[in-house]
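# An overview of the molecular structure
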Amino acid sequence: MPHPPALVQRFFRWFCHPELLKYIEGDLMELYRERLAERGKRYADLKFIADVMLLFRPGIIRPNEYRQNENYYGMYKSYFKIGWRNLLKNKGYSIINIGGLAAGMAVAMLIGLWIYDELSYNRFHENYDTIAKVYRKENWGKETDVNYIHVTGLGTLLRSEYPSHFKRVVMVRANMEERVVSLGDKKLTQNGYFMQPEGGEMFSLKMRYGVRDGLKEMKSILLSESLSKRLFGDTDPVNQVVSMDARWDLKVTGVYEDLPDNSEFNGAAYFAPLDLYLEGASLTAWDNYHMYIYVQVQDAERMDNISSMIRYVTLPHLDEETARIKPETFLLPMSKWHLFSEYKNGVPVTSARLMSVWYYGTIGVFVLLLACINFMNLSTARSERRAKEVGIRKSIGSQRGQLIQQFYGESMLVSILAFLISILVVQVSLPWFNEVSDKAIQLPWQNPVFWLTCLGFTFFTGLLAGSYPALYLSSFKPVKVLKGTFRAGSLAALPRKVLVVTQFTVSIVLIIGTVTIYRQVQFAKNRPVGYSPEGLISLRTASPEYRGKYQLLRDELKATGAVEEIAESNYSVISTKGWNGGFSWKGEKIDPSFNTIFVTHEYGKTVGWEFTDGRDFSREISSDISGIVINESALEMLNLENPVGEELRWAPGGSERGTYKILGVVKDMIKGSPYEKTFPSIIFLSENDMQWLYIRIRPDVSTHAAISKIQQVFSRLVPSAAFDVSFADDAYRAKFREEERIGKLGTLFSVLAILISCLGLFGLSSFVAEQRTKEIGIRKILGASVVSVWRMLSKDFVLLVVLACFLAIPLSFYVMNGWLLNYEYHTSIPWYLYGLSGLGALSLTLLTISYQAIKAATQNPAESLRSE
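Here is a short report on the structure shown in this document. (Residues numbered from 1 in each chain as written. Predicted model: local features only at pLDDT ≥ 70, side-chain atom pairs only at ≥ 80, totals over all residues. Heavy atoms only, no water.)

## Brief notes about the pattern of salt bridges
- Enumeration over the complete set of coordinates arrives at 27 salt bridges.
- Among the ionic pairs, R212 bridges to E126, the shortest N-O distance being 3.6 Å. Highlighted residues: R212 in the loop between β6 (207-210) and β7 (220-224) and E126 in the loop between α5 (91-119) and β1 (131-140), separated in sequence by 86 residues.
- Salt-bridge contacts for R208 lead to E225; the nearest nitrogen and oxygen are separated by 3.2 Å. Pair noted here: R208 is in strand β6 and E225 is in helix α8 (residues 225-232), with a separation of 17 residues, a long-range link.
- With relative accessibility at 47%, the residue R208 sits in the partly exposed group.
- Here E225 falls in the buried class, since its relative accessible area comes to 19%.
- Three or more residues are tied together by salt bridges with common partners; here these are R173, E177, R179, D245 and R540. (Salt bridge = Lys/Arg side-chain N within 4 Å of Asp/Glu carboxyl O. Helix = DSSP H or I, 4+ residues; strand = E, 2+ residues; numbered from the N terminus. Buried < 20%, exposed > 50% of the residue type's maximum accessible area, 1.4 Å probe, protein only.)

## Topic: a nonpolar patch on the surface
- Residues W831, Y832, L836 and L839 make up a contiguous nonpolar surface patch of about 520 Å² in total accessible area.
- Relative to the helices and strands, W831 resides in helix α26 (residues 831-857).
- Its relative accessible area of 72% is what places W831 among the exposed residues. (Patch = residues over 30% accessible without salt bridge, like charges linked within 9 Å, V, L, I, M, F, W, Y side chains within 5 Å. Areas by Shrake-Rupley, 256 points an atom, 1.4 Å probe, with all protein chains shown as cover.)

## Observations concerning the environment of V107
- You can see V107 is positioned in helix α5.
- Sequence-wise, V107 and V425 are 318 residues apart; in three dimensions their C-alpha atoms are separated by 9.4 Å.

## Some words on the side chain of S618
- Examined against the element boundaries, S618 turns out to sit in the loop between β21 (611-614) and β22 (627-631).
- Residue classification places S618 among the buried positions, given a relative accessible area of 18%.
- In terms of polar contacts, S618 uses its side chain to reach the side chain of E620, at 3.2 Å.
- Once you skip the residues sitting within four places of it in the chain, S618 turns out to touch H601 and D624. (Polar contact = N/O pair within 3.5 Å; in protein donor to acceptor, adjacent residues only side chain to side chain. Contact = heavy atoms within 4.5 Å.)

## A closer look at the packing of helix α1 (residues 6-15) against helix α2 (residues 18-39)
- With their axes 10 Å apart at the nearest point, α1 and α2 run at an angle of 155° to one another. Put simply, α1 runs roughly antiparallel to α2. The interaxial crossing formed by α1 with α2 has right-handed handedness. Facing α1, whose interface residues are Q9, F12 and R13, α2 presents L21, I24, E25, L28 and M29.
- For the contact of α1 with α2, the residue count by class is five nonpolar, one polar and two charged. (Axes fitted to C-alpha atoms, helices over the stretch in contact; angles between N-to-C directions. Parallel < 35°, antiparallel > 145°, perpendicular 65-115°, else oblique. Left-handed = near helix turned anticlockwise from the far one by under 90°. Nonpolar A, V, L, I, M, F, W, Y, C, P; charged D, E, K, R; others polar.)

## Description of the pairing of strand β10 (residues 270-273)
- Bridge analysis of strand β5 (residues 186-195) against β10 gives four bridges, and the strand direction is parallel. When the sheet's bridge partners are listed, F194 is paired in β10 with A272.
- Here β7 pairs with β10 via two bridges, running antiparallel. The partner of L223 across the bridge, within β10, is Y270. (Pairing = 2+ DSSP bridges.)

Structure, rendered in structure tokens:
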């Protein structure tokens, strides 16, 4: 006859009380046989295991024969009372301990919330584990380029030929599209994406109204909840019609909840059909770039295998010239998009965002460590005061383990109080922190995981802070303590000195790091921009109402007296779009691509080009339509000694565009990152309507007055188009936000680290002064001056900080020099920065300890010796 699992049955017999064993086991076996007959052995075994686990509880577990049943409540209550009394008795030290620990915990919690937000990027999407983005790798000889912008033909190919591997394939127009969405008199310039209908399902949009697959109709649109409210209020807008760019009337087929900030598509106010954007262009074309391709695999476990399978899928569809670079296609899972999607020469490298995670995480750990060091130092420094207590407890039978529990209990009490203060500080500072870090973080009060994490964090902090004091204080010998022969000795102070050196080493490294980040930002800001962003405004002219009105707008705007010049271009002045190859010179092919821009005649005057050779486009010279202007980076790439007058042939993708004469060379314009090399650019003249309008305001006219006059002209000539201008200097300043953000948060955390270190130093110096009160009194009676007493009390601390400087300087150089090398355009770390940082730390040290030292030195010796 079948039996229950033998191992589980033996376990039950081992733990069950002998007096209950035969009764309970009989019932268990009876139940087992019934279940065996009804549902089979597997079901009976599982239920038997569950019953045994449920019986493993007090009252059934056999008592320990070698241990009496003890009630620990009174002991722990005593520990709590002693800890609380010690806190109240030593209010100064308690404030320093709790305040420093609260500051450290608050910093650690803020950074923890920030890191969690970074690590949870895109987890909002239900299909997170199965979504990937299609990337490509191209070999250009010496360099390997990794990109994720593709042709429409690849997306169609993956969908049609690999249906067993891909559940969905969705193409999305690369980059957000800024469009004017209007309803009646409401005209709103919004950012969004043009994507294929299955995108809503793939990215699991949470719908408020309508359906996810609402983009099946060509003239349809999905609106975000915030945009829907601005247009329709709180009503259901499904089947209502909105206008886009005064060009398309689109039916609203759904409203989705605003996507969170840590989503790939955050800020998308709408999703519109890709077919609408392509206006009937073929989805099988292999020359139509500017598409993101997203795939949802059938099996996440096979992501790497599928990636290998499609490695050379594009080769049969490319012309001979493109196939020569052997483009490789691969999948990058959604989990890697945010932090692990940066490549250099075809090899994955540490991204700037991942560096920020490591940077902030390291700061959080060290700031919390500094606060814990304060607790350790002050607890062990007061060891002689607790020595008699330990001696008496041991002499009446306390074991070392019980004393360790007591001291851990005191550190836990401090940790709990510090946590309560820190969570209040975090709640109050979150709005400011979100503004600086460009986040929307909230404390998840109702999330049980958050509270479990906080509990574990508080427990860990209490253990970390109380570990050394508990082990050190509990080790005292009761005989020496009670005979009065116990002295902490010089070796007892050695760990405290090591901890103080550690504190100030970390603080000095943070100071040098913060100043280096500030210098790097300023260095890039002082870099020549190549144009004049001040007084330059831009406007996207996507509405068809602008067509054919460029010259009329130019004349009317200049007639206001507020506008100096006006011009058009196909891309924004800071845009990195528009890369093309196919250039040749004197029959010799030029392999690399160039950033190509199309502009009107007055573009150079409007944006403020700076010519190094040649001239600008001219309306008086009709042949300039076949002329080009190049920048210094393009000149360097072309390696031309006398570029003006030279001719370049352009045949992109084998399609002949013509031969162009170089008219002039301008200084490099910073379009991408100000920390990287500038792009080699070729600027073409165009007489067609384009999408970006640039207006140069006269310097003698106020911006407010100029904008008012400009808006009147637009209201008269293009009344249905949205007037939504942006300032070029604001757009350029936005390029520095990430580094400025790192610098601001780094400054805050550095200041807190120094403050925590100084708090600990203040506590130690006050204790040392109190401990040596009688010695100071005797020295003063024997003629010691205030200066000599101050020097005696300050010397040891100053030496520790000097040692910290010597350790911090090479460490900070190694860390920050490595950080700077991540930027092609970077500053250096001057030698005097190390000296100033060390001098600053030394000055703060002297200021911190001088108060206690001078106070002790000026005290009347009669008062300090009175007890004798």
